[in-house]
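Given next are the chains, with one letter for each unit.
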Amino acid sequence: MGLLVDGVWKDQWYDTESTGGRFVRKDSQFRNWITTDGAPGPTGEGSFKAEAGRYHLYVSLACPWASRTLMMRKLKGLEDMISISIVNPIMLKNGWTFAPDQGVIPDPILDADFLHQVYTHADPSYTGRVTVPVLYDKEKDTIVNNESSEIMLMLNSAFDEIGAIEGDYYPEELRDQIKEMDDFVYPNINNGV
């Protein structure tokens, strides 16, 4: 598993020496939000309005972060509104690929061979890990967000006014309990893989 440095792919593993062998996840860098009216969300810029057919989700079935966004897409009935690509579950020297395998759905947006090409298309000088999930805006031709928890929140409510299945999976009265659970699950289970 490598990373991009100034837009150039490097086959380089995580620096586990400096972390005492621990996996330390860096914060996601694409942090825009899809909203019902295109107004800015809690982070990032505005103009990402919820519209059917406008967005594309890149995932891996082998990734617990990406899997949870797929679950939310299904729960909210967004399969016809948000298209998907599924990368090959085996990540080798070029990172996530679209190499043919069972369950792989190629990239119809950029016809990329590697997910890192999607990142450099959005930001030619991107430096960092190339992770899934990635929520992509086909209209603006860029990555909206690559933080699974934020993508889940967007899918939970942004598309409600244009035909998503009813249901709030982040109810106000349970948010403290959800945060407490997520504070345990994210570092101990998701990062544990």
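Here, the structure is the one placed above.
In this report, we go over the structure that sits alongside the text.

Calculation rules
- Residues numbered from 1 in each chain as written.
- Predicted model: local features only at pLDDT ≥ 70, side-chain atom pairs only at ≥ 80, totals over all residues.
- Heavy atoms only, no water.
- Helix = DSSP H or I, 4+ residues; strand = E, 2+ residues; numbered from the N terminus.
- Rg over C-alpha atoms; globule rule 2.2 N^0.38 Å.
- Buried < 20%, exposed > 50% of the residue type's maximum accessible area, 1.4 Å probe, protein only.
- Contact = heavy atoms within 4.5 Å.
- Areas by Shrake-Rupley, 256 points an atom, 1.4 Å probe, with all protein chains shown as cover.
- Lys, Arg positive; Asp, Glu negative; His and termini not counted.
- Charge placed at Lys NZ, Arg CZ, Asp CG, Glu CD.
- Axes fitted to C-alpha atoms, helices over the stretch in contact; angles between N-to-C directions.
- Parallel < 35°, antiparallel > 145°, perpendicular 65-115°, else oblique.
- Salt bridge = Lys/Arg side-chain N within 4 Å of Asp/Glu carboxyl O.
- Pairing = 2+ DSSP bridges.
- Core = buried A, V, L, I, M, F, W, Y, C linked by side-chain atoms within 4.5 Å.
- Patch = residues over 30% accessible without salt bridge, like charges linked within 9 Å, V, L, I, M, F, W, Y side chains within 5 Å.

## Side note on the overall build of the protein
Inference 1: For the protein, the helix and strand inventory stands at four helices and six strands.
Inference 2: Counting from the amino terminus, the protein carries its helices and strands in the arrangement β-β-β-α-β-α-β-β-α-α.
Inference 3: Scaling as 2.2 N^0.38, a compact globule of 193 residues should have a C-alpha radius of gyration of about 16 Å, and the protein matches this with 16 Å.
Inference 4: Taking all 193 residues of the protein together, 44% fall into the buried category.
Inference 5: Long-range contacts, defined as pairs at least 24 residues apart, comprise 59% of the intrachain contacts of the protein with a sequence gap of at least 6.
Inference 6: Accessible surface, the protein as shown: approximately 10,300 Å² in total, 52% of it carbon and sulfur.
Inference 7: When the 17 basic and 30 acidic side-chain charges of the protein are each reduced to a single mean position, those positions are 3 Å apart.

## Regarding the packing of helix 1 (residues 64-75) against helix 3 (residues 148-157)
Inference 1: For the pair helix 1 and helix 3, interaxial distance at closest approach is 9 Å and the crossing angle is 0°. In terms of orientation, helix 1 lies roughly parallel with respect to helix 3. Residue-level inspection shows Trp65, Arg68, Thr69, Met72 and Arg73 of helix 1 in contact with helix 3, the latter providing Ser148, Ser149, Ile151, Met152, Leu155 and Asn156.

## Quick word on the environment of Ile178
Inference 1: When you line up the elements, Ile178 lands in helix 4 (residues 175-190).
Inference 2: Judged by relative accessible area, which is 30%, Ile178 ranks as partly exposed.
Inference 3: Beyond its immediate sequence surroundings of up to four residues, Ile178 is in contact with Tyr169, Tyr170 and Pro171.

## Some remarks on unusual backbone geometry
Inference 1: Cis geometry is found at the peptide bond from Val132 to Pro133, where omega equals 5°.
Inference 2: At Ser47, a position not held by glycine, the phi torsion is positive, near 80°.
Inference 3: Considering the arrangement of structural elements, one finds Ser47 in the loop between strand 2 (8-10) and strand 3 (55-59).

## Section: the pattern of salt bridges
Inference 1: What the rule picks out here adds up to nine salt bridges.
Inference 2: Arg54 is the salt-bridge partner of Glu139, the closest N and O atoms lying 3.7 Å from each other. Of this pair, Glu139 sits in the loop between strand 5 (134-137) and strand 6 (142-145) while Arg54 sits in the loop between strand 2 and strand 3, and the two are 85 residues apart along the sequence.
Inference 3: The network of salt bridges with common partners includes Glu51, Arg54, Asp137 and Glu139.

## Let's talk about the sheet that holds strand 4 (residues 82-86)
Inference 1: Strand order in this open sheet of four strands is 4-3-5-6, and the pairing throughout is mixed. Strand pairing shows two members of the sheet lacking a second neighbour, strand 4 and strand 6, which therefore form its edges. This sheet shows a mean twist of 35° between the axes of neighbouring strands, independent of strand direction.
Inference 2: Note: strand 5 against strand 6, three bridges, orientation antiparallel. Bridged to Asp137 within strand 6 is Thr142.
Inference 3: Along the sheet face, helix 1 touches strand 3 and strand 4 and points at about 140° away from the line of strand 3.

## With respect to helix 2 (residues 115-122)
Inference 1: For helix 2, the set of buried residues is Leu115, His116, Val118, Tyr119 and Thr120.
Inference 2: Along its buried surface, helix 2 packs onto strand 1 (3-5), strand 2, strand 3, strand 5 and strand 6.

## Looking at the nonpolar core
Inference 1: Ile34, Ile82, Leu115, Tyr119, Leu135 and Phe159 are the most contacted members of the largest nonpolar core, which totals 44 residues.
Inference 2: Mapped by element, the contributors of at least two residues to this core are strand 3, helix 1, strand 4, helix 2, strand 5, strand 6 and helix 3.
Inference 3: Setting aside its immediate chain neighbours within four residues, Tyr119 contacts Leu4, Phe30, Tyr126, Arg129, Val130, Thr131, Val134, Ile143 and Asn146.

## A look at a nonpolar patch on the surface
Inference 1: A contiguous nonpolar surface patch, about 320 Å² in accessible area, is contributed by Met181, Phe184 and Ile189.
Inference 2: By the secondary structure assignment, Ile189 is in helix 4.
Inference 3: According to the relative accessible area criterion, Ile189 is partly exposed, its value standing at 47%.

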